[in-house]
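Fold and contact review
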Amino acid sequence: SQLFSETVHRYLITHPEETHYDAKFDRCDGVEFDAITPDEKGNIFFFKGDHLWKGFSGPAQLANGTFQELDEYHHLAHVDAAFRMHSKDEDEPQAHDHIFFFLDDMVFSYYQQTLEKGFPVNIQQVFPGIPSHLDAAVECPKRECTTNSVLFFKGSDVYSFDIKTKTVKKKEWNHLPNCTSVLRWVEHYYCFHGNNFTRFHPVSGDVSGAYPKDARHYFMTCPNFGHGEAHRKPRCKLDAITTDRMGKSYAFTGSMYIRLDTPRDGIHHFPITRSWKEVSGAVDAVFSYGDNMYIIQGGQIYIYKSAAHYTLIEGYPKSVTEELGIQGPVDAAFVCADQHVAHIIQGQKMIDIDLTATPRAVKSEASLPIHKVDAATCDSEGVKLFVGPEYYLYQTPKVLAVSKISPVAQKFPPRIFGCED
């Protein structure tokens, strides 16, 4: 379009040094990215100049090889910012899974790697109140921010754009490095600066933990870089597994956990303390009930509010005896959807606890045909008892309680849990 051509021409006049990139970048040399964004399939694109990388490994490619309309504008030197609009906001349903690119004062909308009709347009037409010449942008859904929002970064200024009301709140985060790109990945937010990154809270901008960290250790495959011993794939043996009311599924193994409901973002192990900071080390059992998640470790139980960021309820941890009315330790636990009974497994015994009773009371006990259970869950397929790299499937808790023999063990796919067989 003429408007786009004028924008590019204007940029090239003011940035003559960037009229063309001859070299293919090697991100393992240390690269400051111009933009980072996933597409609708979860593939993450890293942009530098007129090149991009697809995913965490592989060489640089010309950006117009993927976003084909850019072939007409091969002198396009870079993008300022980019993000994927994944939230299905009722007021902006047409924007679902679109990728927005920003260059100077213009915005481009792509769907399935095709430029949307009518674009590019001025940023103000789509995002009123957002300045031009941005540094970075990232979506923040309402379960993680107050409302479905987009965070725009320019220097130390952060503009929180409410997708529904199209209102803007400006913040100043001087404590955060100037982000040249920002990525939301598995509900965590990463500010990239130089060849480093810093993880931050999307509402407050707070940084917790030892940052910055070198991106080459985490977001790409490079010789002589890597997570190290603590981040190698664990053996296929679960300690606990659960799904909360919001549909977020977790598997716990050792001191790490993985999200199971975000496969398109890849399988990655995170320290348990990242989401449940008061819990250190391996857990014995986890179950979800109502809006809460219950984590059992030794003789203690932690109860967290299953909000965007898990918050420990005041007064916890408490003893398992005080909370559930039983003695520990616990091998596994599960609660079926829309039920009010916690099924606690200890050795070859399953204890049913009425969660509506005050104090909690044991309803019944049953002997199990399996000697030692590592983890248990109840989903649409039935009750699954995990033992090592295998699981046993029962139709219902009642069927499990009356069974005298165990069914044929099934192997769980290592790729689902990111483990080694």
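As shown above, the structure is provided for reference.
Residues numbered from 1 in each chain as written. Predicted model: local features only at pLDDT ≥ 70, side-chain atom pairs only at ≥ 80, totals over all residues. Heavy atoms only, no water.

What follows deals with the sheet that holds strand 3 (residues 51-54). Across the sheet, four strands lie side by side as 1-2-3-4; this open sheet has antiparallel pairing. Looking at strand neighbours, the two that pair on one side only are strand 1 (35-38) and strand 4 (61-62), the edges of this open sheet. Across four bridges, the pairing between strand 2 (residues 44-48) and strand 3 is antiparallel. Across the sheet, residue Phe47 finds its bridge partner in strand 3, namely Leu52. (Pairing = 2+ DSSP bridges. Helix = DSSP H or I, 4+ residues; strand = E, 2+ residues; numbered from the N terminus.)

Next up on the list: the nonpolar core. In terms of nonpolar packing, the biggest core is built from 54 residues, with Trp276, Phe287 and Ile344 touching the most fellow members. Judged by nonpolar contacts, the second largest core, of 19 residues, contains Ile123, Val126, Tyr159 and Phe161. (Core = buried A, V, L, I, M, F, W, Y, C linked by side-chain atoms within 4.5 Å. Buried < 20%, exposed > 50% of the residue type's maximum accessible area, 1.4 Å probe, protein only.)

Moving on, we get to the sheet that holds strand 27 (residues 332-334). Reading across from one edge, 27-28-29-30 is the order of the four strands in this open sheet, with antiparallel pairing throughout. If you trace the sheet from one side to the other, it starts and ends with strand 27 and strand 30 (361-367), each paired once. For this sheet, the mean inter-axis angle between neighbouring strands, taken without regard to orientation, is 20°. One ladder, built from three bridges, connects strand 27 with strand 28 (residues 341-346); its direction is antiparallel. The residue bridging Ala333 from the neighbouring strand is Ile344, located in strand 28. (Axes fitted to C-alpha atoms, helices over the stretch in contact; angles between N-to-C directions.)

In this section: empty space enclosed by the protein. A full pass over the atoms with the stated rule returns three cavities of 30 Å³ or more. Its volume calculated, the largest cavity comes out at about 100 Å³. Lining the largest cavity are 13 residues, with Pro38, Arg84, Val138, Glu139 and Arg184 positioned closest to its centre. Broken down by secondary-structure element, the contributors of at least two residues to the lining of the largest cavity are strand 1, strand 5 (81-85), strand 10 (136-140) and strand 14 (181-185). Here the residues of the lining of the largest cavity sort into eight nonpolar, two polar and three charged. If you go around the second largest cavity, the residues you meet are Pro234, Arg235, Cys236, Lys237, Leu238, Ala251, Thr253, Ile258, His269, Phe417 and Cys419. A class-by-class count of the residues in the lining of the second largest cavity yields seven nonpolar, two polar and two charged. (1 Å grid on protein atoms, 1.4 Å probe; cavity = no way out; pocket = protein on both sides within 12 Å on 5 of 7 lines; lining within 4 Å. Points joined across faces, edges and corners; volume = space filled by probe spheres on them. Nonpolar A, V, L, I, M, F, W, Y, C, P; charged D, E, K, R; others polar.)

Right, let's get into unusual backbone geometry. Glycine aside, negative phi is the norm for most residues, and most peptide bonds take the trans geometry. Following Phe119, the chain continues into Pro120 via a peptide bond in cis, with omega recorded as 10°. Within the secondary structure, Pro120 is located in the loop between strand 8 (114-115) and strand 9 (121-122). Of note in this structure, Asp104 is not a glycine but carries a positive phi near 55°. Exposure remark for Asp104: the relative accessible area of 5% places this residue in the buried category. For Lys166, which is not a glycine, the phi torsion comes out positive at approximately 60°. Along the polypeptide, Lys166 turns up in the loop between strand 12 (157-162) and strand 13 (168-172). Overall, the relative accessible area of 36% leaves Lys166 in the partly exposed class.

Further remarks concern the layout of surface pockets. Of the voids in this model, the largest pocket is the one considered here, and its volume is about 890 Å³. In terms of lining residues, the largest pocket is bounded by 41 residues, among which His188, Arg199, Ser208, Arg274 and Ser275 are the most central. Put simply, the parts of the chain that give the lining of the largest pocket at least two residues each are strand 15 (188-193), strand 16 (196-200), strand 20 (256-259), strand 21 (270-271), helix 3 (272-275) and strand 25 (311-312). The residue makeup of the lining of the largest pocket, split by class, is 20 nonpolar, 12 polar and nine charged.

With that settled, consider the packing of aromatic side chains. Under the criterion given, the structure shown has 50 aromatic pairs. Plain terms: the ring middles of Phe33 and Phe192 are 6.4 Å apart, the flat faces sit at 75° to each other, and that makes the pair edge-to-face. Here Phe33, found in the loop between helix 1 (2-14) and strand 1, pairs with Phe192, found in strand 15; they are 159 residues apart in sequence, far enough to count as distant. Assigned by exposure class, Phe33 and Phe192 land together as buried. (Phe/Tyr/Trp six-rings, centres within 6.5 Å; stacked < 30°, edge-to-face > 60°.)

Moving on: the environment of Val138. Assignment of secondary structure puts Val138 in strand 10. Given the relative accessible area of 4%, Val138 is considered buried. When the C-alpha positions of Val138 and Tyr189 are compared, they lie 8.6 Å apart, and in sequence the two are 51 residues distant. In this view, Val138 contacts Phe83, Ser149, Val150, Leu151, Phe153, Val182, Leu183, Arg184 and Tyr189; residues no more than four positions away in its chain are not counted. (Contact = heavy atoms within 4.5 Å.)

Attention now moves to the pairing of strand 7 (residues 106-111). Burial analysis of strand 7 places five of its six residues in the buried class, which makes it a mostly covered element. Bridge count between strand 6 (residues 98-103) and strand 7: five bridges; the pairing is antiparallel. Paired with Ile99 across the strands is Tyr110, a residue of strand 7. Counted along the chain from strand 6 to the antiparallel partner strand 7, the turn is two residues long, and its residue Asp104 has a positive phi close to 55°. Pairing between strand 7 and strand 9: two bridges, direction antiparallel. Residue pairing in the sheet places Met106 in a bridge with Asn122 of strand 9. Bridge count for strand 7 against strand 8 is two bridges, and the pairing is antiparallel. Across the sheet, the residue bridging to Tyr110 is Leu115, located in strand 8. As consecutive antiparallel partners, strand 7 and strand 8 are separated by two residues, and within that stretch Gln112 has a phi angle of approximately 50°, a positive value.

What is shown is where atoms sit, not what they do.
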